[in-house]
Amino acid sequence: MRVGMGYDVHKLTTNRDLIIGGVKIPYEKGLLGHSDADVLTHAIMDSLLGACALGDIGTHFPDTDSRFKGASSLDLLVHVNELIKKAGYLISNIDATIIAQKPKMAPHIPSMKEILCKILNIDLNQLNIKATTEEGLGFTGTGEGISSQSICLLIKK
């Protein structure tokens, strides 16, 4: 068994779509980043890569590489899933948290789970996604950004 942890954060800005867990969420701001800035998917990818000792998403998809400009994080997740399978591991479970003051994430979590589980070829009961606010504290609490954390457990094939 291998455990991995991931964390990602992006600044909220105007004139960008808000995409989290592969879901486009209606909101007046979106996340700023080289790719689509999907903090949840990025945290999940980092936890999976970390569990296999394969570095992080910056190693595999550097923001200095124009191929990843505006990239869908779901496409990047497909590649990460192939890497962990090639390394000889299967996903036992993933537990992730989205930290955002606004907008409310709860209505979108079922869609996020469906999208991510389909890409990772896992059952819905193998992925847990939660959301929380920071009660107005810190950069997420003041609405400056959104962050996400993920932990996963992988098992050898």
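So, here's what we can say about the structure. Source: prediction; values computed, not measured.

Things to note about the overall build of the protein
When helices and strands are tallied, the protein shows five helices and seven strands. When its helices and strands are written in sequence order, the protein yields β-β-β-β-α-α-α-β-α-β-α-β. Taking 2.2 N^0.38 as the reference for a compact globule, 157 residues should give roughly 15 Å; the C-alpha atoms of the protein span a radius of gyration of 15 Å, in line with that estimate. Seen through its principal axes, the protein has C-alpha atoms that stretch 45 × 35 × 25 Å. Buried residues in the protein amount to 48% of all 157 residues.

Quick word on a positive patch on the surface
Among the surface-exposed residues, Arg2, Lys85, Lys156 and Lys157 lie close enough to one another that they form a single positively charged patch. Considering the arrangement of structural elements, one finds Lys85 in helix α3 (residues 73-86). Judged by relative accessible area, which is 32%, Lys85 ranks as partly exposed.

Side note on the packing of aromatic side chains
Tallied over the full model, the rule gives one aromatic pair. Ring geometry for Phe61 and Phe68: centres 5.3 Å apart, planes at 80°, overall edge-to-face. Both residues of the pair, Phe61 and Phe68, count as buried. Sitting above the plane of the Tyr89 ring, Lys156 keeps its charged end 4.5 Å from the centroid.

As for the pairing of strand β7 (residues 145-156)
Pairing of strand β1 (residues 2-13) with β7, which is carried by 10 bridges, proceeds in the antiparallel orientation. Bridge pairing links Gly6 to Ser150 in β7.

Things to note about the nonpolar core
A general tendency of soluble globular proteins is for nonpolar side chains to be buried together. Ranked by internal contacts, the top residues of the largest apolar core, which has 44 residues, are Ile20, Leu48, Met112 and Ile146. Sort the elements by how many residues they give to this core and helix α1 (residues 39-51) lands first, with seven residues. Every residue in contact with Met112, bar those within four places of it in the chain, is listed here: Ile20, Gly21, Val23, Ile25, Leu40, Ile98, Met105 and Ile129.

Some thoughts on the side chain of Asp8
Among the secondary structure elements, Asp8 is positioned in strand β1. Of the side chains bearing the opposite charge, Arg16 lies closest to the buried Asp8, which forms no salt bridge; the N-O distance is 10 Å.

Topic: the pattern of salt bridges
Two side chains with opposite charge may pair up if their charged atoms get near one another. For the coordinates displayed, the defined rule picks out two salt bridges. A salt bridge links Lys24 to Asp17, with the nearest nitrogen and oxygen atoms 3.7 Å apart. Lys130 serves as the salt-bridge partner of Asp95, at 2.6 Å between the closest nitrogen and oxygen. Within this pair, whereas Asp95 is found in strand β5 (residues 89-99), its partner Lys130 is found in strand β6 (residues 127-132), the two being separated by 35 residues in sequence. Judged by its relative accessible area of 28%, Asp95 is partly exposed. Residue classification places Lys130 among the partly exposed residues on the basis of a relative accessible area of 32%.

Thresholds applied
Residues numbered from 1 in each chain as written. Predicted model: local features only at pLDDT ≥ 70, side-chain atom pairs only at ≥ 80, totals over all residues. Heavy atoms only, no water. Helix = DSSP H or I, 4+ residues; strand = E, 2+ residues; numbered from the N terminus. Rg over C-alpha atoms; globule rule 2.2 N^0.38 Å. Buried < 20%, exposed > 50% of the residue type's maximum accessible area, 1.4 Å probe, protein only. Patch = residues over 30% accessible without salt bridge, like charges linked within 9 Å, V, L, I, M, F, W, Y side chains within 5 Å. Areas by Shrake-Rupley, 256 points an atom, 1.4 Å probe, with all protein chains shown as cover. Salt bridge = Lys/Arg side-chain N within 4 Å of Asp/Glu carboxyl O. Lys, Arg positive; Asp, Glu negative; His and termini not counted. Charge placed at Lys NZ, Arg CZ, Asp CG, Glu CD. Phe/Tyr/Trp six-rings, centres within 6.5 Å; stacked < 30°, edge-to-face > 60°. Lys NZ or Arg CZ within 6 Å of the ring centre and 35° of its normal. Pairing = 2+ DSSP bridges. Core = buried A, V, L, I, M, F, W, Y, C linked by side-chain atoms within 4.5 Å. Contact = heavy atoms within 4.5 Å.

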